[in-house]
Amino acid sequence: MGPGVPGAVLDVVLFRSGVALCGIEARHVGASRHRGADGDAPATIESVLGLAPARPRAPVRLVLRAAGGMREVLADGPLELLRVEVADIVPLPPLIEAMKRSATLKGLAVVGDRVLALFGPADGGAGF
């Protein structure tokens, strides 16, 4: 993610990780649904993205594109689909880039009064 064609937009699925507002480009999300009461517990979005654990307040299941197919994870909702102007996406400042603990953190975006942390596949590939 980064500066590109003026007027170009990305559809981003927003979720929360603790108090942080985060987003993943929608093309990496296959589906979402409310977390059921069933006993299986997939990985959390934080464990997939390399973030500190956060206690979900309104957990939803997201299905992310993974290297070997699809991967279901728990995220903190509610989810929102947001159209982000590519011009509003900036690379991480050098100090944050050097100190980041998550290889999936790709950039930041300022949309209105919100600052979003944007995530993508760690290797730049097609999935998480």
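Described below are features of the structure shown in this document. All figures in this text were calculated on a predicted structure; none of them were measured in a lab.

## Here we look at the nonpolar core
Side chains of nonpolar character tend, in soluble globular proteins, to be buried together.
Reasoning step 1: Of all hydrophobic cores here, the largest spans 18 residues; its most connected members are F15, I24, I45, L62, L64 and F119.
Reasoning step 2: Those elements that place two or more of their residues in this core are β1 (9-17), β2 (20-25), α1 (45-49), β5 (59-66), β6 (69-85) and β9 (114-119).
Reasoning step 3: Formed by 12 residues, the second largest nonpolar core is a distinct cluster that contains L10, V84, A109 and V111.

## Brief notes about the pattern of salt bridges
Reasoning step 1: Per the stated rule, a full pass over the model turns up 6 salt bridges.
Reasoning step 2: Residue E97 is joined to K100 by a salt bridge in which the shortest nitrogen-to-oxygen separation is 3.2 Å.
Reasoning step 3: Overall, K100 belongs to the partly exposed group, its relative accessible area being 25%.
Reasoning step 4: Connected via shared salt-bridge partners are R33, R61 and E72.

## Concerning unusual backbone geometry
Reasoning step 1: The omega torsion of the bond from G77 to P78 falls at 5°, within 30 degrees of zero and hence cis.
Reasoning step 2: Within the element layout of this structure, P78 appears in strand β6.

## Comments concerning the side chain of E25
Reasoning step 1: Of note, E25 is situated in strand β2.
Reasoning step 2: The class for E25 is buried, based on a relative accessible area of 14%.
Reasoning step 3: A polar contact of 3.0 Å, which involves the side chain of E25, links it to the side chain of R27.
Reasoning step 4: Apart from residues no more than four positions distant in its own chain, E25 is found in contact with L10, D11, V12 and F119.

Reading guide: rules and limits
Each chain carries its own residue numbering, running from 1 in the written order of its sequence. Residues qualify for local features only when their pLDDT is at least 70, as the model is predicted, and side-chain atom pairs are given and counted only at 80 or more; totals for whole chains, interfaces and linings, by contrast, use all residues. Based on all heavy atoms of the structure, the side-chain values leave hydrogens and waters out of the count. In plain words, nonpolar cores are sets of buried Ala, Val, Leu, Ile, Met, Phe, Trp, Tyr and Cys residues tied together by side-chain atoms within 4.5 Å. Exposure categories follow from relative accessible area, calculated using a 1.4 Å probe and restricted to protein chains: below 20% of the type maximum is buried, above 50% is exposed, and the middle band is partly exposed. Secondary structure elements are defined from DSSP: runs of H or I of at least 4 residues count as helices, runs of E of at least 2 residues count as strands, and each element is numbered from the N terminus. Basic side-chain nitrogens of Lys or Arg form a salt bridge, by our definition, when they fall within 4 Å of a carboxyl oxygen of Asp or Glu. The definition of a polar contact used here is a pair of N or O atoms within 3.5 Å, where within protein one atom must be able to donate a hydrogen and the other to accept one, and adjacent residues in sequence count solely through side-chain atom pairs. We call two residues in contact when some of their heavy atoms are within 4.5 Å.

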